[in-house]
Amino acid sequence: MNIDLRTKALYKEKFDKIKDLKVAVIGIGGVGSIIPLSLVRSGVKTIALVDKDKVEESNINRQEAYNLDDINQYKCDVLKEKLNKLNKDLNIKIKNERIDENFDFSFLLDNDYIIDCIDDIKAKILLIKFALKNNIKIISSLGMGKKFFPSKNEITTLNKTYNDPLAKKIRYEIKKEGLELSGVRVCFSSEQVKEDFDKNVIASSFFVPNSAGILIAAHVLNDFLDIKE
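What counts as what
Throughout this description, residue numbers start from 1 for each chain and increase along the sequence as written. With the structure being a predicted model, the display of local features is reserved for residues of pLDDT at least 70 and the display and counting of side-chain atom pairs for 80 or more, all residues being used for whole-chain, interface and lining totals. The basis for the side-chain values is all heavy atoms of the structure; hydrogens and waters are excluded. Strands are runs of DSSP state E lasting at least two residues, helices are runs of H or I lasting at least four, and both sets are numbered from the N terminus onward. The span you would expect from a helix comes to 1.5 Å times its residue count less one. Burial classification: accessible surface area is computed with a 1.4 Å probe over protein chains only, and a residue below 20% of its type maximum counts as buried, one above 50% as exposed, and the rest as partly exposed. Each C-beta atom gives one direction from the helix axis, and the arc is the one those directions make. Whether two residues touch is decided by their heavy atoms; if any such pair falls within 4.5 Å, the residues are in contact. The term salt bridge refers to a pairing of a side-chain nitrogen on Lys or Arg with a carboxyl oxygen on Asp or Glu at a separation within 4 Å. An axis is simply a line fitted to the C-alpha atoms; with a helix, the fit covers only the stretch in contact. Between two such axes, the angle follows the N-to-C directions and lies from 0 to 180 degrees. Relative orientations are named as follows: roughly parallel for angles under 35 degrees, roughly antiparallel for angles over 145 degrees, roughly perpendicular for angles from 65 to 115 degrees, and oblique for any other angle. Helix crossings are classified by the rotation of the near helix relative to the far one: an anticlockwise turn of less than a right angle makes the crossing left-handed, while a clockwise turn makes it right-handed. Note: two strands are recorded as paired if DSSP finds a minimum of 2 bridges between them.

Student: Tell me about helix α4 (residues 75–86), and name the residues and values.
Tutor: Its 12 residues give α4 an end-to-end C-alpha distance of 17 Å, which sits within 8% of 16 Å, the value for a rise of 1.5 Å per residue. The set of residues buried in α4 consists of Lys75, Cys76, Val78, Leu79 and Leu83. Taken down its axis, α4 places every buried residue within 160 degrees of arc, on the same side. Where the residues of α4 are buried, they touch α3 (34–41), β2 (46–50) and β3 (91–95).

Student: Report on the pattern of salt bridges, specifying residues and quantitative values.
Tutor: As enumerated under the stated definition, the model contains 11 salt bridges in all. With a shortest N-O distance of 3.6 Å, Asp89 and Lys45 are connected by a salt bridge. One end of the pair, Asp89, is in the loop between α4 and β3; the other, Lys45, is in the loop between α3 and β2, and 44 residues separate them in sequence. The exposure class of Asp89 is exposed, given its relative accessible area of 55%. Given the relative accessible area of 23%, Lys45 is considered partly exposed. One salt bridge in this structure joins Lys82 and Asp70, with 2.6 Å as the shortest N-O distance. Residue Lys82 is found in helix α4, and its partner Asp70 is found in the loop between β2 and α4; the two are separated by 12 residues along the sequence.

Student: Describe the packing of α3 against α4, and please don't skip the residues or the numbers.
Tutor: Angle between the axes and distance between the axes: these two values describe a pair of packed helices. Interaxial distance between α3 and α4 falls to 10 Å at its minimum, and their mutual angle equals 20 degrees. Classified by the angle between their axes, α3 and α4 sit roughly parallel to one another. As α3 packs across α4, the resulting crossing turns out to be right-handed. Here α3 contributes Pro36, Leu37, Val40 and Arg41 to the contact with α4, which in turn contributes Leu79, Leu83 and Leu86.

Student: Please set out the sheet that holds β3 residue by residue, giving values where relevant.
Tutor: Within a sheet, adjacent strands bond to each other through the backbone by hydrogen bonds, running parallel or antiparallel. Ordered by their spatial adjacency, 7 strands build an open sheet running β3-β2-β1-β4-β5-β7-β6, and the pairing between neighbours is mixed. The sheet is open, and its two edges are formed by β3 and β6 (153–157), each paired on a single side. On average, adjacent strands in this sheet sit at an angle of 20 degrees to one another, irrespective of strand direction. Where strand β1 (residues 22–26) meets strand β4 (residues 113–116), 4 bridges bridge the pair, whose relative direction is parallel. In the sheet register, Ile26 faces β4, and the bridge partner there is Asp116. Contacting β1, β2 and β4, α3 crosses the sheet at an angle of about 175 degrees to β2. Along the sheet, helix α5 (residues 121–133) makes contact with β1, β4 and β5 (137–141), crossing β5 at roughly 160 degrees.

In C-alpha cells:
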C-alpha cells in the first residue's frame, strides 16, 4: 500500500520537493489543527507546533484533531501523536507555550512558512514583525467565528480585507510599526456578521474554520511548489 500514490499522481515531478517544506503552525485550534493534518497527508515531513492550550470539551465541535479522549491534554502533545500515526518518518517540534515578548522566537527561524492561527492581536503582531524581519513567509488567519458560509473564505493580503474587525485592528498596529501591509498574506471571511450573538460565547461551527485551515494549507504548499492558478 502506498499512501502517497494519489498525491504523487497529482503533483508529479514536484512531489519530491514537498518533503523539503518546513512549516511552523502557531495556534492549533479551530483553524490551525487541520493544517498539520492536511500537510502531513500531502507529504510534508517537518512541522513545528506552538500552542499553550489543553483540549477542552468546547473544542470538539470544530477542532478536527481532537476527540473526547484528548480532553485535558496539551494540544501539541495530542496532535504530534496523531501526526506520527499518519507517518512515522516526521520531524515534529512542539512548544506548549504562548506567543509573547518572552517567547524564544529562534524556535521559528528554520522555517519556510509561519502559519499564524491565534486570536491574540499582540501575538499576531509579534509574529508578523518577526517573519518580515527574518524574511520568512507568513500567512495569518483572521476572524472565523460567527460565520456560516465557508465559501466566503479567501486568501489575500492584509490591505485588501473587509468585513473583518480583527483585520482592521491588525492593520492599524502594522501601520504604526511602519511595516508594509501588502507583505502580509491572510485568510479572511468576507461574510458580514448580521446575527446578534451571545457575547459570552464565541459562536462557531466546524465548517468555516476548517475550510480556512484547508485553504491556508493548500496555499502554502502551492506557493512552495510554485503552482499557480
